[in-house]
Amino acid sequence: MVKTALKRIYTFLIFLFLYAPIIVLIVFSFNESKSRAHWTGFTFKWYVEMFKDQQIMTSLYYTVTIALAASVIATILGTIAAIGIHYMKKLPRTIMTNLTYLPVLNPDIVTGISLMLLFILVKFPRGFFSMLLAHITFNLPYVILSVMPKLKQLDNHLYDAALDLGATPGYAFRKVILPQIAPGIFTGFLLAMTMSIDDFVISFFTTGPGVSNLAITIYSMARKGVSPKINAVLSILFAGVILMLLIINNRMSRDNGRKENAV
Amino acid sequence: MKKHLMAYPYALWILIFIIVPLALILFYSVFSIDAEGIHFTLEHFRRVFEPIYLAVFFRSIKIAAISTAICLILGYPMAMILASKNLSKKSLLVVLFVIPMWMNFLARTYAWMTLLEKNGLIATIMEFFGVELPSLLYTENTVILGMVYNFLPFMVLPIYSVLVKIDKAVLEAAEDLGATPIIVFRRVIFPLSLPGVSSGIIMVFMPALTTFVISRLLGGAHFTLIGNLIEQQFLTTMDWGFGSALSVVLMLMIMVSMGVAMRYEKENEGGGLW
């Protein structure tokens, strides 16, 4: 009994530690006064001000456009790459897989700086497009690593059967392979979106003057001190990420359910 | 149809956006460029070993190690509790545990700023009880707190994923053979969980070692870790050579520790990061 009680208390304390700061942040985004300690009344004022803030709205626009564009391009390029890698011989396949892990393992600050050096050297103007290229680069591994397992599960005979029955390779690909790896592609897309929206370090180094995403704006605002407007932005961002995760989780569990049924 | 050809555009992408940029860092770390041309030099690396910069490295390693140790001490019992729950409760608890991790880490760090600042919630509550606190923000301990808060789930999840895979029959066998719970833990559970522990250590230590945001926001403008030093070289002092040398040393440190951990994991057959 004592043991269960201790376990409960410990779990409670850890969860309190994890959630208290987030809850306080969200609660005080509805606080009437600028204070982060005294509750003076409920208001939506900071959310209204947030929407009026030109800097925040511009960075929201860049965050969303870059996340969308980068994840769409990374998904297309990554899916094609995953198929290619899957059908490579063993040695090149191992090399490509390891290279794919490289940006995942490399510290973000090094990836960011190395890309910044590249853009400066080839005189590629830093701003929207350099940030987009950087985002595609760090999104690609997540797409490939989501699609590859699906390809491994694939029954190659189905594709051959389709060819035997007179399908052209393109037709067989669209009608046989694509539907089977589609869940992996979609999961990769959502992961890429999430990573893109969440990224700070790489964006920070690859962007140029005038173009910043929400994370960069929050960082520069937070360096100057705290403001309830940031609380409002973060609360909305948090809600958005949770929503995305619910969708991903839902898809993954449905997927696993299917797999178990098949077995 | 030669399907493997489909990998080539991606290979080109890797070449341009990953290999060439990393090669650039290597290049700048050992060459200096001035009016007379390009010379090979080890001057940048020599500077890395100057006492003030070595001190920054030691400080970063020390803070990252302390944070990792705290995460391990706090996280291991948590992982055991999560793993011991029955199935329906377990998945809910694990999801609840993961959710804060998906909040932007800037947001999580910022949340602590608002809690710890001079007129923040914690200071106000303590004042109410008549306790005057010394400055809570901008100390080394604040930075460690920020790291533990940000990276604790990275420690718990790998340990948890190894613990749930342990065959219950093994534990029962140990008990049947007369082992006390403490011995079961020391001789059976803990050794079997080591792959998870090593993944957890890596996953906390790496980001703790390379961050420049947590130290900047919670440690203040004069709190310098390796990450801050590298950032300064590229964004303020514009000393690319020295910055690149620092990055190369950082990458080497990461790769060596990854290599050790991976070899260790292979010997222990997996564990895996998740």
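Predicted model, so just to flag it, every value in this text is computed and none were measured.

The rules behind the values
- Residues numbered from 1 in each chain as written.
- Chains lettered and ligands numbered in written order.
- Predicted model: local features only at pLDDT ≥ 70, side-chain atom pairs only at ≥ 80, totals over all residues.
- Helix = DSSP H or I, 4+ residues; strand = E, 2+ residues; numbered from the N terminus.
- Buried ≥ 20, exposed ≤ 12 C-beta atoms within 10 Å, placed from the backbone.
- Contact = placed C-beta atoms within 7 Å.
- Nonpolar A, V, L, I, M, F, W, Y, C, P; charged D, E, K, R; others polar.
- Pairing = 2+ DSSP bridges.
- Core = buried A, V, L, I, M, F, W, Y, C linked by C-beta atoms within 7 Å.
- Axes fitted to C-alpha atoms, helices over the stretch in contact; angles between N-to-C directions.
- Parallel < 35°, antiparallel > 145°, perpendicular 65-115°, else oblique.

A. Representation of the overall build of chain B in the model. Check the secondary structure of chain B and you find twelve helices and two strands. When the elements of chain B are put in sequence order from the N terminus, they spell out α-β-β-α-α-α-α-α-α-α-α-α-α-α. For chain B, the C-alpha atoms occupy an extent of roughly 80 × 75 × 40 Å along the three principal directions. Burial analysis of chain B (274 residues in total) assigns 41% to the buried set. Considering only contacts in chain B between residues 6 or more positions apart, those separated by 24 or more positions represent 72%.

B. Local environment of the interface of chain B and chain A. With 56 residues of chain B at the contact, the number on the chain A side is 56 residues. Secondary structure elements with two or more residues in the side of chain B that touches chain A: helix H1 (8–30), helix H3 (51–84), helix H5 (105–116), helix H6 (121–128), helix H9 (181–210), helix H10 (213–219), helix H11 (226–235) and helix H12 (240–267) of chain B. Considering each element in turn, the side of chain B that touches chain A owes the most residues, 13 residues, to H1(B). Classifying every residue of the side of chain B that touches chain A gives 44 nonpolar, nine polar and three charged.

C. Geometry of unusual backbone geometry. You will see that A:Lys123, though not glycine, has its phi angle at about 60°, which is positive. Its location among the elements puts A:Lys123 in the loop between helix H5 (108–121) and helix H6 (128–153). Judged by C-beta crowding, with 7 C-beta atoms within 10 Å, A:Lys123 ranks as exposed. You will see that B:Met238, though not glycine, has its phi angle at about 55°, which is positive. Within the secondary structure, B:Met238 is located in the loop between H11 and H12. Owing to 9 C-beta atoms within 10 Å, B:Met238 belongs among the exposed residues under this scheme.

D. Looking closely at the pairing of strand E2 (residues 37–40) of chain B. Residue and element names in this part refer to chain B. The sheet contact formed by strand E1 (residues 31–34) and E2 spans four bridges and is antiparallel. Bridge pairing in E2 links phenylalanine 31 to phenylalanine 40. Between E1 and E2, which follow one another and run antiparallel, lie two residues.

E. Layout of H11(B). Along H11(B), eight of the ten residues are buried, which leaves the element largely enclosed by surrounding structure. Considered for burial, the residues of H11(B) that qualify are B:Ile226, B:Gly227, B:Asn228, B:Leu229, B:Ile230, B:Glu231, B:Gln233 and B:Phe234.

F. Quick look at the nonpolar core. Grouped together as the largest cluster of nonpolar side chains are 132 residues, with contacts concentrated most on A:Ile113, A:Ile218, A:Val233, B:Tyr110, B:Phe151, B:Val156 and B:Val204. Top element by residues in this core is helix H7 (residues 140–163) of chain B. It accounts for 15 residues. In this structure, A:Ile113 is in contact with A:Phe205, B:Ile25, B:Ile230, B:Phe234 and B:Ser247, ignoring residues within four places of it in sequence.

G. Expanded view of the environment of B:Tyr160. Counting through the fold element by element, B:Tyr160 comes out in helix H7. Those residues in contact with B:Tyr160 that lie beyond four places of it in its chain are B:Ala79, B:Leu82 and B:Ala83.

H. Region of interest: the packing of H5(A) against H1(B). Running from N to C, H5(A) and H1(B) point in directions that differ by 90°, and their axes come no closer than 8 Å. One element, H5(A), and the other, H1(B), form an angle in the roughly perpendicular class. Contacts between H5(A) and H1(B) pair A:Ile113, A:Ser114, A:Leu115, A:Leu117, A:Leu118 and A:Leu121 from the former with B:Phe17, B:Val20, B:Pro21, B:Leu22, B:Leu24 and B:Ile25 from the latter. Of the residues assigned to the contact of H5(A) with H1(B), the class counts are eleven nonpolar, one polar and no charged.

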